[in-house]
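Letter by letter, the chains look like this.
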Amino acid sequence: MKTMLWKDNQLLLIDQTKLPDEITYFTCKNYQDVIYAIKTMVVRGAPAIGVAAAFGMTLAELAGEDLQKAADEIKAARPTAVNLFWAVDRVLKSDNALDEALKMYDEDIETNKSIGKHGAAVIGDGDTILTHCNAGALACVDYGTALGVIRAAFHEGKKIKVICDETRPFCQGAKLSVFEMQQEKIPVKLIVDSAAGRMMQEGKVNKVVIGADRVAKGGVANKIGSLMVALAAKRFNVPFYVAAPKSTFDFENSIYDTEIEERNPKEVLYFRECRVAPEGTDVENPSFDIVPSDLITGIITEEGILKPF
Ligand code: MRU
């Protein structure tokens, strides 16, 4: 199942806010619809945001809109993932937005399969792999990065198990990663985020594989909670891998220059529309962590496994 489809000059996105209960599509008829979908997490995950943004640029071009204005507005939808900026700039430099977006759509799947192939080499038969957030097919066009590594190892016949952190507050792990693993019949267990350290302390985790929104000098940015997982992995000698395509790399800036998205306090105050803290509670809700390079064993890319820089 692809996360998005281009059909009749419209972009159809699986509405990830409705998963895992309903598989429905959100239709983008103009680039403003794409911005809305990115902001509200109808589509999320760095590579998926990038390709959706490329189709947003296509919708702007087809409507004869000012492409620079559309590009600036699309780039402002979410601040952290490099792929959004990379994709919009790539379309801006191209001769034809639709051709470029369709090329990026196909490339995403091929890239993820290569990441999977390289990453599967570090996964042992019988390993239990812990992952955080959703760096799966749903975070890309298909196949996934971190979950692509898991898929590839499983399809090679390795008897692996997966542990998904629930990933509060948005619960991408519980809602999306568990769903993807169940669809493929890959053995999966859900834990609360704060149980990750205990699982490692008990020797129940052989590898950690997560995705990234940005890879830059000094480390990677990924979903909030990634830093605590990395710290626990270091303490308990569990190899910690990041799976990411080159389109997520920023070679110009330090990772500490990354703008960390601050999301709506309601995500923390409410759980499935039920308030869990007193009225008037002050909240800080950073959506991403910085994981420093010294906590990372390797970065699995489509070109092979790199040392963090
Ligand atoms: O806020 P999200 O759901 O867009 O965050 C997603 C992540 O943090 C993923 O791990 C990252 O984008 C990599 S997706 C292949």
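Look a little higher up for the structure.
Please read all numbers here as calculations on a predicted model, not as lab measurements.

Calculation rules
- Residues numbered from 1 in each chain as written.
- Predicted model: local features only at pLDDT ≥ 70, side-chain atom pairs only at ≥ 80, totals over all residues.
- Heavy atoms only, no water.
- Disulfide = S-S within 2.5 Å.
- Buried < 20%, exposed > 50% of the residue type's maximum accessible area, 1.4 Å probe, protein only.
- Pairing = 2+ DSSP bridges.
- Helix = DSSP H or I, 4+ residues; strand = E, 2+ residues; numbered from the N terminus.
- Axes fitted to C-alpha atoms, helices over the stretch in contact; angles between N-to-C directions.
- Contact = heavy atoms within 4.5 Å.
- Near = heavy atom within 4 Å.
- Polar contact = N/O pair within 3.5 Å; in protein donor to acceptor, adjacent residues only side chain to side chain.
- Nonpolar A, V, L, I, M, F, W, Y, C, P; charged D, E, K, R; others polar.

Student: Sorry if this is basic, but what is going on with the state of the cysteines here?
Tutor: The term disulfide refers to a covalent linkage connecting the sulfur atoms of a pair of cysteines. One pass over the structure, following the stated rule, counts zero disulfides. Its sulfur unpaired, Cys 140 is 11 Å from the next cysteine sulfur, which belongs to Cys 133. Take Cys 274: it sits in no disulfide, and the sulfur closest to it among the cysteines is that of Cys 171, at 13 Å. Judged by relative accessible area, Cys 274 falls into the partly exposed class, the value being 46%.

Student: In this structure, what is going on with the sheet that holds strand E1 (residues 4–7)? I would like to understand it.
Tutor: Reading across from one edge, E1-E2-E3 is the order of the three strands in this open sheet, with antiparallel pairing throughout. On the outer flanks of this sheet lie E1 and strand E3 (25–28), each paired with one strand and no other. Taken pair by pair, the neighbouring strands of this sheet meet at an average axis angle of 25 degrees, ignoring direction. Note: E1 against strand E2 (residues 10–14), four bridges, orientation antiparallel. Note on E2: the bridge partner recorded for Leu 5 is Leu 12. Packed on one face of the sheet, helix H2 (residues 46–62) meets E1, E2 and E3 and runs near 20 degrees to E1.

Student: Which parts of the structure should I look at to understand the site of the ligand?
Tutor: Of all residues adjacent to the ligand, which total 18 residues, the nearest are Arg 44, Arg 78, Gln 172, Asn 222 and Lys 223. Note that an oxygen atom of the ligand is positioned 2.9 Å from one of the side-chain N or O atoms of Gln 172. A distance of 2.6 Å separates an oxygen atom of the ligand from a polar side-chain atom of Asn 222. Where the shell around the ligand is concerned, the elements lending two or more residues are H2 and strand E9 (219–223). Class assignment for the residues of the shell around the ligand results in nine nonpolar, five polar and four charged.

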